[in-house]
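In case you want the letters, here they are:
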Amino acid sequence: MSPDADGAAGATPLDPDERNGLKHRHITTRGELDQLEQANIAGGLAWLARRRKTDILTEAFMRELHRRLFGDVWRWAGTFRLTEKNIGIDPLDIPVQLRMLLGDARYWAEHRSFAPLEAAARFHHRLVQIHPFPNGNGRHARIAADVYLEECFGHGPVDWTAGYSLQSMNERRAQYIDALRAADAGDFEPLLAFVGL
Ligand SMILES: Nc1ncnc2c1ncn2[C@@H]1O[C@H](COP(=O)(O)OP(=O)(O)O)[C@@H](O)[C@H]1O
Ligand SMILES: [Mg+2]
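Residues numbered from 1 in each chain as written. Chains lettered and ligands numbered in written order. Predicted model: local features only at pLDDT ≥ 70, side-chain atom pairs only at ≥ 80, totals over all residues.

A. Main features of the environment of P91. In this fold, P91 is placed in the loop between α3 (59-70) and α4 (94-111). A C-alpha to C-alpha distance of 21 Å links P91 and A185, two positions 94 residues apart in sequence. Apart from the residues within four sequence positions on either side, P91 is in contact with F80, R81, L82, T83 and E84. (Helix = DSSP H or I, 4+ residues; strand = E, 2+ residues; numbered from the N terminus. Contact = placed C-beta atoms within 7 Å.)

B. Quick peek at the site of ligand 1. Taken together, 16 residues surround ligand 1, and among them G10, T12, N137, G138 and R139 come closest. Residue assignment for the shell around ligand 1 shows that the elements contributing at least two residues are α5 (116-130), α6 (137-153) and α7 (171-184). Looking at side-chain class alone, the shell around ligand 1 contains 6 nonpolar, 7 polar and 3 charged residues. (Near = placed C-beta within 6 Å. Nonpolar A, V, L, I, M, F, W, Y, C, P; charged D, E, K, R; others polar.)

C. Highlighting the nonpolar core. In this structure, A120, A144, A145 and Y148 are the most contacted members of the largest nonpolar core, which totals 37 residues. Of all the elements in the fold, those that place two or more residues in this core are α3, α4, α5, α6, α7 and α8 (189-194). (Core = buried A, V, L, I, M, F, W, Y, C linked by C-beta atoms within 7 Å. Buried ≥ 20, exposed ≤ 12 C-beta atoms within 10 Å, placed from the backbone.)

D. Quick peek at the packing of α5 against α6. Orientation of α5 relative to α6, taken along the N-to-C sense of each, is 150°, at an axis distance of 9 Å. Relative to α6, the element α5 lies roughly antiparallel. Two packed elements cross with a definite hand, and for α5 against α6 that hand is right-handed. In this structure, α5 contributes P116, A120, F123, H124, L127 and V128 to the contact, and α6 contributes N137, G138, A141, R142, A144, A145, Y148, L149 and F153. (Axes fitted to C-alpha atoms, helices over the stretch in contact; angles between N-to-C directions. Parallel < 35°, antiparallel > 145°, perpendicular 65-115°, else oblique. Left-handed = near helix turned anticlockwise from the far one by under 90°.)

Structure below.
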């Protein structure tokens with residue numbers, strides 16, 4: 001299978017010019033790409049753990065995190081998407097909507113508007129709804145929600161996978177995508193159940 005064929009439902013297909021951003025020309029299969037991305041993400045998580053703690057609720061941090069997770073694989077890592085996708089808002093609205101979300105997330109943390117896991121679930125959902133990047137939004141937004149939990153609430157991470165992979169289709173991913181769709185329609189219950197509330 002070619003690396004651009006995004007098999008799983010609820011995933012973002014790449015445009016030809018985004019595919020041109022692949023730093024490794026020899027890649028021919030989805031499996032090879034997954035492995036490269038996985039290695040890059042592991043490096044990004046190591047950076048996350050050792051970095052000097054700064055304010056995470058900024059556009060600069062959200063972009064830096066994406067670049068650290070995907071920048072060895074994709075030239076456009078850390079830059080906002082310029083094209084419309086099957087998921088996500090108009091690309092022109094990304095900077096403003098992201099800034100609003102980060103402001104809301106800061107307010108939720110300062111005022112303890114929600115239980116930590118609910119704040120993280122709402123933050124995660126809004127972030128994937130905005131879909132700031134050409135690809136990697138699900139993985140970036142799950143890690144971002146975990147960083148939000150830890151650094152703004154002193155709370156442990158969400159058990160997103162519960163032993164499954166969220167990158168391929170299985171029961172857990174189906175539940176996850178259904179929960180995000182319910183949240184799109186204003187019903188947060190399935191997503192709260194999914195994160196363990
Ligand atoms: N209906 C939806 N509403 C909001 N977010 C969604 C919806 N469907 C899928 N998503 C999110 O988009 C992600 C897929 O986007 P993508 O950029 O391909 O991320 P990744 O490459 O990390 O899987 C899913 O993992 C999920 O987080
Ligand atoms: Mg994807």
